[in-house]
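Observations on chain architecture
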Amino acid sequence: MKIQPFKLERYFAAHEFSAPYLMCASNCESLSLSELLSLADEDSRNMWNDLKLGYTESQGHHVLREEISRLYKNIKPNEVLVLTPEEGIYIAMTTLLKKGDHVVVTYPGYQSLYEIANSLGCEVSKWTPKEQKGWAFDIDDLRALIRNKTRLIVVNFPHNPTGATISRADLKKITGIAERKGIVLFSDEMYRFLEYGEADRLPSASDLSATAVSLFGMSKSFSLAGLRIGWLTTKNSVMFKDFASTKDYTTICSSAPSEILAIMALRAKDRILKRNLDLIGKNLDLLNGFFSEYARLFEWHKPKAGPIGFPRLKSGLKTAAFCADVLKKKGVLLLPADQYGYEGNNFRVGFARRNMPEALEKLREYVRKFWDTTRN
Ligand SMILES: Cc1ncc(COP(=O)(O)O)c(C=O)c1O
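This section reports on the structure supplied with the text. (Residues numbered from 1 in each chain as written. Predicted model: local features only at pLDDT ≥ 70, side-chain atom pairs only at ≥ 80, totals over all residues. Heavy atoms only, no water.)

**A closer look at helix H1 (residues 7-15)**
Taken together, the buried positions of H1 are Leu8, Tyr11 and Phe12. End-on, the buried residues of H1 take up no more than an arc of 95 degrees, which puts them together on one face. (Buried < 20%, exposed > 50% of the residue type's maximum accessible area, 1.4 Å probe, protein only. Helix = DSSP H or I, 4+ residues; strand = E, 2+ residues; numbered from the N terminus. Arc of directions from axis to C-beta.)

**Things to note about the nonpolar core**
Looking at soluble globular proteins, one finds that nonpolar side chains tend to be buried together. Counting residues in each nonpolar core, the largest one holds 97 residues, and the members touching the most others are Met23, Phe186, Leu287, Phe298, Phe322 and Leu334. Looking at this core, the element that brings in the most residues is helix H14 (residues 356-375), giving eight residues. Here this core spans two domains, since at least three of its residues come from each of domain 1 (7-32 + 270-370) and domain 2 (51-267). With residues up to four places along the chain from it excluded, the contact list for Phe186 reads Gly88, Ile89, Ala92, Met93, Leu113, Leu152, Ile153, Val154, Val155, Val213, Leu215 and Leu232. (Core = buried A, V, L, I, M, F, W, Y, C linked by side-chain atoms within 4.5 Å. Domains from an automatic or database assignment. Contact = heavy atoms within 4.5 Å.)

**What about the site of the ligand?**
Close to the ligand lie 13 residues, the nearest being Asp188, Tyr191, Ser219, Lys220 and Arg228. At 2.5 Å from an oxygen atom of the ligand is found a side-chain nitrogen or oxygen belonging to Ser219. A distance of 2.6 Å is found between an oxygen atom of the ligand and a side-chain nitrogen or oxygen belonging to Lys220. With respect to the pocket detection grid, the ligand is positioned in the largest pocket. Ranked by residue count, the leading element in the shell around the ligand is helix H5 (residues 85-96), at three residues. When its residues are assigned to classes, the shell around the ligand shows five nonpolar, four polar and four charged. (Near = heavy atom within 4 Å. Polar contact = N/O pair within 3.5 Å; in protein donor to acceptor, adjacent residues only side chain to side chain. 1 Å grid on protein atoms, 1.4 Å probe; cavity = no way out; pocket = protein on both sides within 12 Å on 5 of 7 lines; lining within 4 Å. Sits in = over half its atoms within 2 Å of the grid points. Nonpolar A, V, L, I, M, F, W, Y, C, P; charged D, E, K, R; others polar.)

**Some words on the packing of aromatic side chains**
Tallying each qualifying case throughout the model produces 22 aromatic pairs. Between the aromatic rings of Trp127 and Phe157, the centroid separation amounts to 6.2 Å while the plane-to-plane angle is 85 degrees, which identifies the pairing as edge-to-face. Here Trp127, found in strand S4 (residues 123-127), pairs with Phe157, found in the loop between strand S5 (150-156) and helix H8 (168-181); they are 30 residues apart in sequence, far enough to count as distant. A relative accessible area of 5% places Phe157 in the buried class. Taking 5.3 Å as the distance between ring centres and 50 degrees as the angle between the ring planes, the aromatic pair formed by Phe290 and Tyr294 counts as tilted. (Phe/Tyr/Trp six-rings, centres within 6.5 Å; stacked < 30°, edge-to-face > 60°.)

**Some details on the pairing of strand S14 (residues 347-350)**
Taking every second residue as pointing to the same face, both faces of S14 are buried, with Phe347 and Val349 on one and Arg348 and Gly350 on the other. Pairing of strand S10 (residues 308-309) with S14 involves two bridges; the strand directions are antiparallel. When the bridges of S14 are listed, Gly309 appears paired with Val349. (Pairing = 2+ DSSP bridges.)

Scope: geometric values only; no functional claims are made or implied.
Here you go:
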């Protein structure tokens, strides 16, 4: 399979560790090892001290799978397959799809959610939200995209990059459509638990329907991207077995230390999520203030969940050039929409880092100058 470069990941590879201000990251401020260890209960600290660094259970440490299953209503530990989040997408797509299949996917989006299907020779239709309606995803638009040979519907809520989500009723409609038509639903739930209001939290698709497979992990909501721990959940035992056997050709099993650290974090879930939601709340207030101050320059629809949003630059300047100039002059990294292959003049902002207020000040300095020049 010949696969296109992952634009967003190449962009981050070029800038993430050199840009002074990362203002487009999609993960929350990372926890340090000592912070995480200080949150650990005695049992997991003992597991950490006694840990043997051999191979681990290929499905995932049984204690880890037990902790993971507590995040769900109906998912049992043996319906959890631990892997790296990105690996979960790769395994699911390569296992489920073949040339000629039709796939519907939320778009713009994380590239692997559609690029692997493209590379396999599938036809991909994009389910695009309406920016002018606050990035609303319309179920009738989704219905209209479905064909007889649709094999997979791929959704991602809370949504990267817009921060949009859908209602519970709409999620049920989607699982209903998938069930009636015999379509698998792949639900990327990487930003789950970062909804700003409890009412906006969706159930996991894998809890609702046996035709669904869900992806979640430690990278975003739990501030632990460096663990490289995620998981697929599904009540469909046939799909599950296929995914597990494909994993024998990717990583076989997860990193032993990461599994124990993930157990610690899941047991400290409420504290970690509160820390991140507090940070997001404070930073988002600042960002909302900035965008209302410069409403003539930017179109901004407030996200409903997660650490990212997708404003649009109203000026004639393309965001690729704008972001490159902001990086060059102020050291602030933003992510232009062309990295999503998206035609709108949008860019991604991230607001779950501690130094976001400083980064925003730098951006403000840039915009003040820019605004003065473009106004004249
Ligand atoms: C929607 C979505 N899915 C999956 C992933 C992959 O997660 P990870 O980088 O931890 O493998 C990301 C990462 O940005 C993402 O935004």
